[in-house]
Amino acid sequence: MTKQRWLVVILVVALGLRLAYALGQPTLTVYDTEKGDSGWYLENGYTLVTGQQRGVIPVDVSKLPTAPLYLIFIGVAQAALPADGAIIAIRVLQAVMGAATCYFAYRLAWAAADDERAGLVAAAVLAVHPAFVLESAQILTETLYIFLAMGGLWLYVAAFRMSGRGVALSGMLLGLATLTRAVLLLFPLGLALHLLLTRGWRAGLKQAVVLLAAYMVVVFSWTAYNLVTYHRWVIGAEGMIAFLYIGATEEGWQGPEAVDESLGVTDPETQPPPTQEDYLNAAGDVIGSDLSGYIARRFTRLAGAFLQPHGTTFFSGESLKSLAANWWANDRTVVGLLRLTQAEAFWPKLSMYVFHFAGILGGLVGMWLARRRWQVTLLLIGFLVYTLLIHLVLEALPRYLFPLQAIWWVFAAVTIVHLYTALRRGRRSANSQLV
């Protein structure tokens, strides 16, 4: 079978797995605003698109704390379809985005390794990666953000040597990614520097201007809308300041009500919500009162989010970390260790740990192996480093670092192909010696 046919098979499997899981999930339960963030997104998206209130949450779209694109995406679906049909349509489209993300990983890994086999490995792993399959059914920003970010990176890699138009399209996709999750806001500045390093001052500067102009046109469209409609200045999302404050506190993220209460808002019906100035002043007070403690908390929480696979909370039952810690503290027998495998959702959770850490470890090796393709490698490492650094300042959760799994596996695919090639050479050498 040719490599192109293998790619088609992989993408069909990716789409099939996501549709099979997503269409088997209940629909109306995600509207419950007390069982996670999905209900909040749905309520705000509906009001943003239709201008009408629905449900128990009072929505004021003039004060949206989050970037708007995902809200628009799910709001249009709700405006066009009945409640259950909207959720099905969202999940189907997200399944398509998930399969497309596998294709983007294929192209990026091929470029990083200069070997199409690495691209096929990256696409195949993301196709069956349990966290990516499950994520496509969630009414959360991750699937859309990863799709746009990976698409923007692929277009950039494909176009930065030749096409100003392709660089502009890359900037636009990254702008849409920023309007999905505003943490990407400063990343294109790194791309501009990358263009200067790889293309030289004259050509690089010209393409950097094109990239940043296209990016800013998209991002500042939301700024202009808010200025004209609500006389509010916002770039990306106002909620980033809130996450600066949340990241500074000892408690971390405990839910919106707990955050408001920490700033003195105990009755949301009679008291106005905290302003950006409130969050900024409170963050300054916390950081200024204990700078060393703040630094320690940020590194500790970032490490915790980095080491915890995203998606294990989709399953009920005690966490594997708690089970393992209890076994180590009170048992330490082989029988006790085997007993852990009978815990609820043990194997699905374990698979997420395996994919998570295999991607990171293989990715670290792959970075070194792909060093000769430094133009592509530097770009992807830059995305990893940028995301980690931004969440060193803002609050870090496994969900926020989950998009990095796609990049880790791009590099891990390079490692897998290198090992496979080395093993084949070893076998051929052994066979030739036997002859």
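Predicted model only: the values in this text are computed from it and were never measured. (Residues numbered from 1 in each chain as written. Predicted model: local features only at pLDDT ≥ 70, side-chain atom pairs only at ≥ 80, totals over all residues. Heavy atoms only, no water.)

Another aspect to go through is the overall build of the protein. In terms of regular secondary structure, the protein is built from 20 helices and zero strands. For 435 residues, the compact-globule formula gives about 22 Å, and the C-alpha radius of gyration of the protein, at 23 Å, lands near that figure. Overall, the protein is about 85 × 65 × 50 Å in size when its C-alpha atoms are taken along their principal axes. Every one of the 435 residues in the protein was classed for burial, and the buried ones make up 49%. (Helix = DSSP H or I, 4+ residues; strand = E, 2+ residues; numbered from the N terminus. Rg over C-alpha atoms; globule rule 2.2 N^0.38 Å. Buried < 20%, exposed > 50% of the residue type's maximum accessible area, 1.4 Å probe, protein only.)

Per the stated rule, a full pass over the model turns up six salt bridges. Residue Arg-181 pairs with Glu-142 through a salt bridge whose shortest N-O separation is 3.0 Å. Of this pair, Arg-181 sits in the loop between α8 (164-178) and α9 (187-199) while Glu-142 sits in helix α7 (residues 142-159), placing them 39 residues apart in sequence. For the pair shown, Arg-181 and Glu-142 are each scored as buried. (Salt bridge = Lys/Arg side-chain N within 4 Å of Asp/Glu carboxyl O.)

Next up on the list: the layout of surface pockets. Reported here for the second largest pocket is a volume of approximately 340 Å³. Along its surface, the second largest pocket is lined by 14 residues, and Ala-113, Asp-115, Leu-369, Val-414 and His-418 are the ones closest to its centre. At the level of elements, α4 (83-113) and α20 (404-434) are the ones that each hand at least two residues to the lining of the second largest pocket. Counting residues per element, the lining of the second largest pocket draws most heavily on α20, at six residues. Its residues assigned to classes, the lining of the second largest pocket shows seven nonpolar, two polar and five charged. (1 Å grid on protein atoms, 1.4 Å probe; cavity = no way out; pocket = protein on both sides within 12 Å on 5 of 7 lines; lining within 4 Å. Points joined across faces, edges and corners; volume = space filled by probe spheres on them. Nonpolar A, V, L, I, M, F, W, Y, C, P; charged D, E, K, R; others polar.)

Attention now goes to unusual backbone geometry. With a phi angle near 55°, Asp-114 is a residue other than glycine that sits in the positive phi range. Note on placement: Asp-114 falls in the loop between α4 and α5 (116-128). In this structure Asp-114 comes out as exposed when scored by relative accessible area, which is 53%.

Once that is clear, we can look at a nonpolar patch on the surface. Together, Met-1, Trp-6, Val-9, Val-13, Leu-17 and Val-128 make up a nonpolar patch on the protein surface, roughly 540 Å² of accessible area in all. No other element matches the four residues that helix α1 (residues 3-22) contributes to the nonpolar patch. Looking at where Val-9 falls in the secondary structure, it is placed in helix α1. (Patch = residues over 30% accessible without salt bridge, like charges linked within 9 Å, V, L, I, M, F, W, Y side chains within 5 Å. Areas by Shrake-Rupley, 256 points an atom, 1.4 Å probe, with all protein chains shown as cover.)

It is worth spelling out helix α15 (residues 320-330) at this point. Turning to α15, its buried residues number three or more, namely Leu-320, Leu-323 and Trp-327. Angular distribution of buried residues about the axis of α15 spans 65°; they occupy a single face of the element. Away from its buried face by more than 90 degrees, α15 exposes Lys-321, Ala-329 and Asn-330. (Arc of directions from axis to C-beta.)

Moving on to the environment of Asn-326. You can see Asn-326 is positioned in helix α15. For the pair formed by Asn-326 and Val-209, sequence separation is 117 residues and the distance between their alpha carbons is 56 Å. Side chain to side chain, Asn-326 and Asn-330 meet in a polar contact 2.6 Å long. (Polar contact = N/O pair within 3.5 Å; in protein donor to acceptor, adjacent residues only side chain to side chain.)

This next bit is on the packing of α9 against helix α10 (residues 201-230). Between α9 and α10, the least distance of the axes is 7 Å, while the angle of their chain directions is 160°. The orientation of α9 relative to α10 falls into the category roughly antiparallel. For the pair α9 and α10, the crossing hand works out as right-handed. Of α10, the residues touching α9 (which contributes Pro-188, Leu-189, Leu-191, Ala-192, Leu-195, Leu-196 and Arg-199) are Trp-201, Ala-203, Gly-204, Leu-205, Gln-207, Ala-208, Leu-211, Leu-212 and Tyr-215. For the contact of α9 with α10, the per-class residue count stands at 13 nonpolar, two polar and one charged. (Axes fitted to C-alpha atoms, helices over the stretch in contact; angles between N-to-C directions. Parallel < 35°, antiparallel > 145°, perpendicular 65-115°, else oblique. Left-handed = near helix turned anticlockwise from the far one by under 90°. Contact = heavy atoms within 4.5 Å.)

Bringing the packing of aromatic side chains into the picture now. Tallied over the full model, the rule gives 19 aromatic pairs. Ring centres of Phe-104 and Trp-154 lie 5.6 Å apart, and the angle between their planes is 20°; on these two criteria the pair is classed as stacked. One end of the pair, Phe-104, is in helix α4; the other, Trp-154, is in helix α7, with 50 residues separating them in the sequence. Seen in terms of ring centroids, Phe-187 and Tyr-386 are 5.6 Å apart; in terms of plane orientation they differ by 55°. Their pairing is tilted. A residue pair is termed long-range when its members are at least 10 positions apart, and Phe-187 in helix α9 and Tyr-386 in helix α18 (residues 374-393) qualify at 199 residues. With a relative accessible area of 5%, Phe-187 lands in the buried category. Chaining the aromatic ring pairs together yields one cluster made of Tyr-103, Phe-104, Tyr-106, Trp-110, Phe-147 and Trp-154. (Phe/Tyr/Trp six-rings, centres within 6.5 Å; stacked < 30°, edge-to-face > 60°.)

The subject of this paragraph is the nonpolar core. One finds Ile-90, Leu-380 and Phe-383 to be the most contacted residues of the largest nonpolar core, which totals 108 residues. Looking at this core, the element that brings in the most residues is α4, giving 13 residues. Discounting chain neighbours no more than four positions away, the residues touching Phe-383 are Tyr-145, Ala-149, Leu-153, Leu-184, Phe-187, Leu-404 and Ile-407. If you look at the next biggest cluster of nonpolar residues, it comprises six residues, including Trp-327, Leu-340, Phe-346 and Tyr-353. (Core = buried A, V, L, I, M, F, W, Y, C linked by side-chain atoms within 4.5 Å.)

This part covers the side chain of Gln-308. When you line up the elements, Gln-308 lands in the loop between α14 (291-307) and α15. With relative accessibility at 13%, the residue Gln-308 sits in the buried group. Within the structure, Gln-308 has its side chain in polar contact with the side chain of Thr-312 (distance 3.1 Å). Side-chain polar atoms of Gln-308 contact the side chain of Tyr-353, separated by 3.4 Å. Not counting chain neighbours up to four residues away, the residues in contact with Gln-308 comprise Lys-321, Tyr-353, His-356 and Pro-398.

To continue, consider the confidence of the model for the protein. Across the protein, pLDDT averages 88, with 93% of residues at or above 70. Ranking the elements of the protein by mean pLDDT puts helix α12 (residues 256-262) last with 68 and α5 first with 97. (pLDDT = per-residue confidence, 0-100.)

Next up on the list: α5. In this model, α5 (13 residues) spans 19 Å end to end at C-alpha, consistent with the 18 Å of a helix rising 1.5 Å per residue. Here α5 lies mainly inside the structure; 10 of its 13 residues are buried. Along α5, the positions that sit buried rather than exposed are Glu-116, Ala-118, Gly-119, Leu-120, Val-121, Ala-122, Ala-123, Val-125, Leu-126 and Ala-127. (Expected span 1.5 Å × (residues − 1).)

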